[in-house]
Amino acid sequence: MGSRPYRRRLAWSAAALLVAGVAVPATAAASGPDDTSDAPSLSAAHGGKQKAKNVILLIGDGMGDSEITLARDYTVGAAGRLNMDKFPMTGSYTTYSVDKNGKPDYVTDSAASGTGWATGQKTVNGRISKTPGTDKPMTTILELAQRNGLATGSVTTAELTDATPAVLASHATDRSCAGPADMKACPNDTVAKGGPGSIAEQSVNHKVDVLLGGGKARFDQKITEGRYKGLTVTEQAQKLGYQVVTDDKALKNARAGKPVLGLFAPGNVPVEWTGKAAAQGGTDPQRCVTDNPERKAGTPSLDEQTRKALQLLEAKQSGKGKKPGFFLQVEGASIDKRDHAADPCGQIGETAALDRAVKVARAYAAKHPDTLVVTTADHGHTSQIVPLEATPPGLSSTLVTNEGQQLKVNYSTNTPGQAQEHTGTQVRIAAQGPQAHRVLGVTDQTQLFGTIRTALSLR
């Protein structure tokens with residue numbers, strides 16, 4: 001009886017705050033004692049005029065609500081919470097792309113979706129930060145950050161020339177134009193035609209302070225036109241002052257003051273977990289294998305790369321005469337790639353890897369409350385959790401979770417033998433720090449550009 005008036009006061013206070021236009025976030029009941037405190041970020045988020053010194057944007061490629069739920073159920077249990085579940089501000093955003101006439105294309109690819117938050121404008125599938133109809137370059141958030149004197153970085157588990165990292169520091173008619181030998185789909189982007197060259201060439205020409213990921217084979221292609229003709233893109237990067245590193249030891253020893261190019265695999269960085277792919281009629285119940293023999297020793301994890309990137313960017317922003325602040329994008333790329341392959345274990349392991357990077361970002365923000373941290377996805381994907389008794393017409397797999405329970409995953413966005421497809425659903429966006437309130441409700445991914453630009457006061 002004695003608690004009822006107190007409860008009524010709480011309810012009245014919450015209602016008053018909502019009437020005043022202030023969001024009251026729900027507390028995650030399952031958050032443990034090691035949870036990063038949200039008090040500084042909540043204070044900052046409620047201050048509409050608060051500005052951020054830094055922004056950390058974490059992208060789970062293809063990481064829709066189903067992919068998050070699957071990773072949660074398998075790793076921490078249905079009642080548990082991932083690090084990405086613990087943000088104080090959570091909303092959803094829409095992800096559609098457009099055709100050349102600006103009409104909706106309801107299922108986006110990663111190039112068009114990345115262009116959305118990178119430039120604030122929608123484009124056609126396959127295009128990298130260029131307009132849908134006229135194929136003209138559009139200024140990106142990373143370019144704005146550089147113009148305003150901020151340090152910049154991009155970390156990915158894909159090739160550094162893949163769509164999501166590419167949208168920040170390059171402009172290409174087609175996402176396939178990754179290296180100098182890959183320019184068939186982008187004739188007007190070639191150096192010979194007065195264009196900026198391949199995505200790899202543009203990325204290093206932009207002098208992004210930290211570039212970490214895979215794609216070494218792209219950067220080892222020889223340049224055939226222009227100032228750096230006869231050199232590989234890696235050699236071009238070295239000419240431009242980059243420290244080139246290829247394993248965790250070299251990354252650890254990379255020093256601040258010079259840009260860093262990390263190339264940790266010839267193509268995409270091999271995934272952390274392995275297991276049996278989904279099959280017609282399902283699989284026997286399986287536990288995922290939490291290592292991968294194809295992942296060579298010395299390959300830094302995504303959280304290790306994120307931690308080092310933050311260290312390098314913080315050191316760069318502290319230089320004499322430098323404006324404080326940085327923008328960093330971190331991508332967990334192979335959530336998407338293993339979803340395409342109907343590989344639940346690979347997919348879960350990559351979501352868990354991104355979640356550890358989220359923990360690094362939130363720990364940094366706890367010490368630097370003027371940091372806006374945003375976690376989201378570029379689009380939805382195919383995996384669905386279905387009842388054990390279901391008999392899906394496509395591919396499925398049964399897993400045994402860390403709770404000892406069985407869980408069935410279904411992949412039915414394409415016929416067996418074909419790559420599974422993206423979906424057009426809205427996806428989660430969550431944030432903490434200055435301007436975090438802007439992710440609440442249902443927004444569009446193009447509005448993320450405005451959120452970051454406003455938070456960093458970019459002109």
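Read on for an overview of the structure. (Residues numbered from 1 in each chain as written. Predicted model: local features only at pLDDT ≥ 70, side-chain atom pairs only at ≥ 80, totals over all residues. Heavy atoms only, no water.)

### A look at the side chain of His-422
Phase 1: Within the fold, His-422 resides in the loop between strand 14 (406-411) and strand 15 (427-432).
Phase 2: Owing to a relative accessible area of 15%, His-422 belongs among the buried residues under this scheme.
Phase 3: A polar contact is formed between the side chain of His-422 and the backbone oxygen of Thr-108, at a distance of 3.0 Å.
Phase 4: Of note is the side chain of His-422, whose polar atom sits 3.2 Å from the side chain of His-340. (Helix = DSSP H or I, 4+ residues; strand = E, 2+ residues; numbered from the N terminus. Buried < 20%, exposed > 50% of the residue type's maximum accessible area, 1.4 Å probe, protein only. Polar contact = N/O pair within 3.5 Å; in protein donor to acceptor, adjacent residues only side chain to side chain.)

### Details of the environment of Lys-316
Phase 1: The residue Lys-316 is located in helix 11 (residues 302-317) in this model.
Phase 2: What makes Lys-316 partly exposed here is its relative accessible area of 27%.
Phase 3: Along the chain, Lys-316 and Asp-209 lie 107 residues apart, while their C-alpha atoms are 8.3 Å from each other.

### Some remarks on the sheet that holds strand 13 (residues 395-400)
Phase 1: Spatial ordering of the open sheet is given by 9-13-14-12, a layout of 4 strands whose pairing is antiparallel. Edge positions in the sheet fall to strand 9 (279-280) and strand 12 (384-386), since each of these pairs with one other strand and no more.
Phase 2: Alignment of strand 12 against strand 14, held across 3 bridges, turns out to be antiparallel. Looking at strand 14, one finds that Gln-384 is bridged to Asn-410.
Phase 3: The sheet strands contacting helix 3 (residues 65-75) are strand 12, strand 13 and strand 14, and the helix crosses strand 12 at an angle near 55°. (Pairing = 2+ DSSP bridges. Contact = heavy atoms within 4.5 Å. Axes fitted to C-alpha atoms, helices over the stretch in contact; angles between N-to-C directions.)

### Some details on unusual backbone geometry
Phase 1: A positive phi is found at Ala-342, a non-glycine position, where the angle reads about 55°.
Phase 2: With respect to the element layout, Ala-342 can be found in the loop between helix 12 (334-340) and helix 13 (344-367).

### Examining a nonpolar patch on the surface
Phase 1: A cluster of nonpolar side chains, Tyr-96, Tyr-106 and Val-107, forms an exposed patch at the surface whose accessible area comes to about 310 Å².
Phase 2: Of note, Tyr-106 is situated in the loop between strand 4 (104-105) and helix 4 (110-119). (Patch = residues over 30% accessible without salt bridge, like charges linked within 9 Å, V, L, I, M, F, W, Y side chains within 5 Å. Areas by Shrake-Rupley, 256 points an atom, 1.4 Å probe, with all protein chains shown as cover. Salt bridge = Lys/Arg side-chain N within 4 Å of Asp/Glu carboxyl O.)

### Observations concerning empty space enclosed by the protein
Phase 1: Inspection of the entire model under this criterion finds 3 cavities of 30 Å³ or more.
Phase 2: The volume enclosed by the largest cavity comes to roughly 50 Å³.
Phase 3: For the largest cavity, the full set of lining residues is Leu-142, Ser-154, Leu-160, Pro-165, Leu-168, Ala-169, Ser-203, Val-208 and Leu-211.
Phase 4: Here the element with the most residues in the lining of the largest cavity is helix 6 (residues 163-169); it accounts for 3 residues.
Phase 5: Across the lining of the largest cavity, the residue classes break down as 7 nonpolar, 2 polar and no charged. (1 Å grid on protein atoms, 1.4 Å probe; cavity = no way out; pocket = protein on both sides within 12 Å on 5 of 7 lines; lining within 4 Å. Points joined across faces, edges and corners; volume = space filled by probe spheres on them. Nonpolar A, V, L, I, M, F, W, Y, C, P; charged D, E, K, R; others polar.)

Without other data, these values stay purely geometric and don't point to any function.
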